[in-house]
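# Observations on chain architecture
Given next are the chains, with one letter for each unit.
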4 protein chains.
Amino acid sequence: MKNLKAVILNCSLKKSSEPSNTDALLKEFIQVFDSKHMKSEVIRVADYQVAYGISADMGDGDEWPKILDKIKHSDIVILASPVWLGEKSSISKKVLERLNGSSSETNEKGQPIFYNKAAGAVVTGNEDGAKNAAGDLIFGLAQLGFAIPPNPIAYWVGDAGPGPSYIEAKGYKNEFTLSNAQMASHNLIHFAEMLQKHPIPTEGNASEE
Amino acid sequence: MKNLKAVILNCSLKKSSEPSNTDALLKEFIQVFDSKHMKSEVIRVADYQVAYGISADMGDGDEWPKILDKIKHSDIVILASPVWLGEKSSISKKVLERLNGSSSETNEKGQPIFYNKAAGAVVTGNEDGAKNAAGDLIFGLAQLGFAIPPNPIAYWVGDAGPGPSYIEAKGYKNEFTLSNAQMASHNLIHFAEMLQKHPIPTEGNASEE
Amino acid sequence: MKNLKAVILNCSLKKSSEPSNTDALLKEFIQVFDSKHMKSEVIRVADYQVAYGISADMGDGDEWPKILDKIKHSDIVILASPVWLGEKSSISKKVLERLNGSSSETNEKGQPIFYNKAAGAVVTGNEDGAKNAAGDLIFGLAQLGFAIPPNPIAYWVGDAGPGPSYIEAKGYKNEFTLSNAQMASHNLIHFAEMLQKHPIPTEGNASEE
Amino acid sequence: MKNLKAVILNCSLKKSSEPSNTDALLKEFIQVFDSKHMKSEVIRVADYQVAYGISADMGDGDEWPKILDKIKHSDIVILASPVWLGEKSSISKKVLERLNGSSSETNEKGQPIFYNKAAGAVVTGNEDGAKNAAGDLIFGLAQLGFAIPPNPIAYWVGDAGPGPSYIEAKGYKNEFTLSNAQMASHNLIHFAEMLQKHPIPTEGNASEE
């Protein structure tokens, strides 16, 4: 069996020159991936010139194809987003739109190209909105052809109202959040392994061309 | 000017024989209404036999008409819901469905019957989901013909994961929640007064029959 | 390998004495299940006295335990809902709440009891709201421990505004809807088979008690 | 009374060099505004270099301040979005994030700066997702301080699955969509007029500084 690879898209509004609370929670996932000798990479989407639109390559300096290529070569994909106004970030929505631009591409068996990849979501915010954000991401990923394991998300938010975010609030001490990160990361690995050994049969889901 | 009246539908899954955390936050609203010598009433929807369906009276012992009558005679309507699985309660959704059953009824001017009433939402939960719940309620109310003032909601939730609810967690000490309750209750009154003095003109919104 | 079993919860607001448009679309799934010699059953939830609350058995004539038992003995679970006000039905939300009441129950390995079951969603309405409804159902199911295959939904809605529903509008001639029903039903079978042969390992997701 | 002004943010993913289906539906609004001798302007947000972030001016060539200035000087604000994957566009979410960056600015009375402005939403797509998109926009606007009149949205989508968009499908012949556009545009004017003559009193909503 070839080594599994995970790619994590951190859809923070900030570039990687600034610290991201979402990155801090992602470390829990990376530790698990490391412990399994898996390769994993966090991509700060805001570092790239990702164009708006619904196609795989919008041209004119569009850097999405670089990210898409990494997704195509990965077994696990995680979309990570901060919470703003109780919702996922605009950058995470742009990522869903760009993934949608590849929805008619198929693998050599005629299945959508995201088949046989496991996907999950990670969300942090200073307050309410994590499940709303995660739900949009998970449903978008499932529609696009990713497989969603049970308990596919981890999140942290503080109580109602303005307040400190994950790092400052020591969210990494929240047992619920940590236990979700364990469940999500391991279940993503379980599903990616299962799908590598037993790819999804084509009946019902493969186009003829 | 006649006295304003507020009706609050607490869509807790529990009957009024059990304490409701949402009720505790509603007290902040009632204090404001009292200070203005307004009448207000909290209806625990779970105490009533409210049938499923999309019409004003489903018959067969349906008690929705009792609640609907109170809504028709009120100037302010608040939908209040707990959070379950990051969403509003099933009872609050049933209330939206039943309100929808009156969406083609019109007032004497031919406008939908919920015109000239101001509406808001109140949500409590032990964790994440308040804005998702409140957003569904506010949008449903706006579609049905209620007027939505600015900052029309108040909510309290704890930080990520299982934990104590509003009363036990002393959510009533949360300044953000309290300040939202002040804004929402006063803005509901401001709008109800404005709509009583200056009802919405019929141009564009009245049916001819 | 034992025969797979599917249970479909039709969360229409109407009892089975009335025809359901959602039922009509569910027939596409049942044909596929039949072709694989699988057992499947459609439960019209409105026919049962399902209590409100968040526990496995609310007592006092609560009929949810009958439905829960069928879910426990099935390999595939489909939640089906009509669209009202652009959202899933109140009954489908009640089903999520009741499933949540079993979220701390574990199987003999210490995993949540819905592990190793595949789940999907089916939605019909006369107009807009299908993906919003389906997204809520899919995300709820994933949080509760079900596995979500790619393309896990089928839906039909007409264009914007009031109009005929699935049966009257001959939605069963909509190629997109039919092809989604094929994908969803087959992918649910593929995942149920995979999970039966290769149950999800316990690492990361099993409680110790 | 000074003349009312409307600003419409078309959050299409395309620049104005390409035709927008959402623009076509917006014409119904503009006709109504014209008939009242109101000024109105459609801004194609994709034409501007709008930075990511949560503040009024992100610097470094950020063109949001130009748009924000127009919003500040308008009485009616409409957010318009296409549907992608059953949701509002990433650009419309970016607009909400940027508006959020002004949420602590206040007018001369100490109220949030978007007070006394009426807001609505317009959505078009080739299929399902309009209410989900519109609901997010309406709730975001209400949280930010805009007033939401009854029936504040107009939308058009085709039936389930890929298909022609508004212009090609002659959505402008859909009576429901047109009647919603009449209701929404007139109710926005009714509320803007009411708020101009009777600004929202400060009790409960004004900060002291």
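Just so you know, these numbers come straight off a predicted model, no measurement behind them. Numbering of residues starts from 1 in each chain and follows the order in which that chain's sequence is written. To read the labels, note that chains go from A and ligands from 1, taken in the order they are written. Side-chain atom pairs in this predicted model are given and counted only at pLDDT of 80 or more, local residue features only at pLDDT of at least 70, and totals for whole chains, interfaces and linings cover all residues.

Note on conventions: DSSP H or I runs of at least 4 residues are helices, E runs of at least 2 residues are strands, and numbering of each starts at the N terminus. The helix and strand tally for chain A stands at five helices and six strands. In sequence order, chain A lays out its α and β elements as β-α-β-α-β-β-α-β-α-β-α. Against the compact-globule benchmark of 17 Å for 209 residues, chain A has a radius of gyration of 17 Å, which places it among compact chains. Its C-alpha atoms put chain A at 55 × 40 × 25 Å along the principal axes. Partly exposed residues are those falling between the two cut-offs: more than 12 but fewer than 20 other C-beta atoms within 10 Å of their own, whereas 20 or more means buried and 12 or fewer means exposed, with C-beta atoms placed from the backbone. Across the 209 residues of chain A, 61% fall into the buried class. Two residues qualify as being in contact provided that their C-beta atoms, derived from the backbone, are within 7 Å of each other. Contacts spanning at least 24 positions in sequence make up 78% of the contacts within chain A whose residues lie at least 6 apart. Here the radius of gyration uses the C-alpha set of atoms, whereas the globule reference equals 2.2 Å times the residue count to the power 0.38.

This paragraph deals with the relation of the copies chain A and chain C. Both copies of the chain are tied together by a single rotation about an axis and a shift running along it. Residues reaching a pLDDT of at least 70 in both copies supply the C-alpha atoms on which the copies are superposed by least squares. Superposition of chain A onto chain C requires a rotation of 180° combined with a translation of 0.0 Å along the rotation axis, giving an RMSD of 0.0 Å. Seen this way, the second copy is the image of the first under a two-fold rotation axis. Relative to the rotation axis, the closest C-alpha in chain A is found at A:Ile148, a distance of 2.5 Å. Most of the interface of chain A is mirrored in chain C: 100% of its interface residues are interface residues there too.

Interfaces are frequently sized by the accessible area removed from exposure as the parts join. On the side of chain B, 17 residues touch chain A, which itself brings 17 residues to the contact. Looking at the side of chain A that touches chain B, the elements that each hand over two or more residues are α4 (130–144), β6 (153–156) and α5 (175–197) of chain A. For the side of chain A that touches chain B, the element with the most residues is α4(A), which contributes three residues. Charged means Asp, Glu, Lys or Arg here, nonpolar means Ala, Val, Leu, Ile, Met, Phe, Trp, Tyr, Cys or Pro, and polar covers whatever is left, Gly included. The residue inventory of the side of chain A that touches chain B, partitioned by class, reads seven nonpolar, seven polar and three charged.

Between the two copies, chain A and chain B, the superposition gives an RMSD of 0.0 Å; the rotation angle is 180° and the shift along the axis is 0.0 Å. A symmetric contact is evident, with 100% of the interface residues of chain A recurring at the interface of chain B.

Turning our eyes to something else, we now look at the interface of chain A and chain C. Listed by partner, the interface residues are 28 residues for chain A and 28 residues for chain C. For the side of chain A that touches chain C, the class distribution of residues is 15 nonpolar, twelve polar and one charged.

So, about unusual backbone geometry. Backbone geometry at C:Asn116 places phi at a positive 70°, although glycine is not the residue there. Positionally, C:Asn116 belongs in the loop between α3 (90–100) and β5 (118–124). In this model, D:His37 sits at a positive phi of 60°, which is unusual for a non-glycine residue. Looking at the element boundaries, D:His37 is found in the loop between α1 (21–35) and β2 (39–44). Look at D:His37 and you get exposed, because 8 C-beta atoms sit within 10 Å.

What follows is about the environment of D:Val95. All names here are of chain D. You can see valine 95 is positioned in helix α3 (residues 90–100). We classify valine 95 as buried; it has 26 C-beta atoms within 10 Å. For the pair valine 95 and isoleucine 30, spaced 65 residues apart in the sequence, the C-alpha separation amounts to 21 Å. Residues within four places of valine 95 in sequence aside, it is in contact with Leu9, Cys11, Val45 and Leu79.

Interaxial angle, 0 to 180 degrees, is taken between N-to-C directions of lines fitted to C-alpha atoms, where a helix line uses only the stretch in contact. At their nearest, the axes of helix α3 (residues 90–100) of chain A and α3(D) sit 8 Å apart, and the two run at 180° to each other. Relative to α3(D), the element α3(A) is oriented roughly antiparallel. Contacts between α3(A) and α3(D) involve A:Ser90, A:Lys93, A:Lys94 and A:Glu97 from the former and D:Ser90, D:Lys93, D:Lys94 and D:Glu97 from the latter. For classification purposes, an angle smaller than 35 degrees is called roughly parallel, one larger than 145 roughly antiparallel, one from 65 to 115 roughly perpendicular, and anything else oblique.

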